[in-house]
Amino acid sequence: MISRQRMKIDSWGQGTLLLSMLIVALVGSETGGLLGWILLFLWQMTSALLLYKQFAYQQRKLFLWVGLASIPVALFGEVFLLYFLIGFSLWYFYNTVLDTIKVLKRPRSFWDLG
């Protein structure tokens, strides 16, 4: 069972990185923005891999496959890669927030009461 703490950390970490990317986008730094989106993408891919392997959470398998599809997209250039990363990151963040809400609404088990 996925813990509340794990999902909270994942949501807050992604939200913080996403907010920092929006601030960088407003400042106008292109290389910093791309680097930030890549860092957010790496966070999300690591999260998807851990959720898939540790908790056998099958819905994250799709994100791993789509994330691997970014390797050929990177060959088309920075613009295509940036659009892919923005779309993937927002899609993954949305699903993480939905999963976090589900986990927080779930009744707590005896082991979580400590």
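Please read all numbers here as calculations on a predicted model, not as lab measurements. (Residues numbered from 1 in each chain as written. Predicted model: local features only at pLDDT ≥ 70, side-chain atom pairs only at ≥ 80, totals over all residues. Heavy atoms only, no water.)

### Thoughts on the packing of helix α3 (residues 59-68) against helix α5 (residues 78-105)
- One can describe the packing of α3 onto α5 by two numbers: an axis separation of 12 Å at closest approach and a directional angle of 170 degrees. When the axis of α3 is compared with that of α5, the two are roughly antiparallel. Here R60, L62, F63, V66 and G67 of α3 lie close against α5, whose contacting residues are F84, F88, W91, Y92, N95, T96 and D99. (Axes fitted to C-alpha atoms, helices over the stretch in contact; angles between N-to-C directions. Helix = DSSP H or I, 4+ residues; strand = E, 2+ residues; numbered from the N terminus. Parallel < 35°, antiparallel > 145°, perpendicular 65-115°, else oblique. Contact = heavy atoms within 4.5 Å.)

### Re the pattern of salt bridges
- By the definition in use, this model includes three salt bridges.
- Salt bridges linked by common partners bring R60, D99 and K102 together as one network. (Salt bridge = Lys/Arg side-chain N within 4 Å of Asp/Glu carboxyl O.)

### Examining the nonpolar core
- The biggest cluster of nonpolar side chains holds 21 residues, and the ones touching the most others in it are W37, F41, F84, L85, F88 and Y92.
- Elements with a contribution of two residues or more to this core: α1 (4-27), α2 (30-55), α3 and α5.
- Looking at which element gives the most residues to this core, the answer is α2, with seven residues.
- Excluding residues within four positions of it along the chain, W37 makes contact with L18, M21, L82, L85, I86 and S89. (Core = buried A, V, L, I, M, F, W, Y, C linked by side-chain atoms within 4.5 Å. Buried < 20%, exposed > 50% of the residue type's maximum accessible area, 1.4 Å probe, protein only.)

### Quick notes on the side chain of Q44
- Mapped onto the elements, Q44 comes out in helix α2.
- Using a relative accessible area of 1% as the deciding quantity, one classes Q44 as buried.
- Engagement of the side chain of Q44 in a polar contact is seen with the side chain of Q14, the distance being 3.0 Å.
- Q44 has contacts with Q14, F88, S89, Y92 and F93, leaving out every residue within four places of it along the chain. (Polar contact = N/O pair within 3.5 Å; in protein donor to acceptor, adjacent residues only side chain to side chain.)

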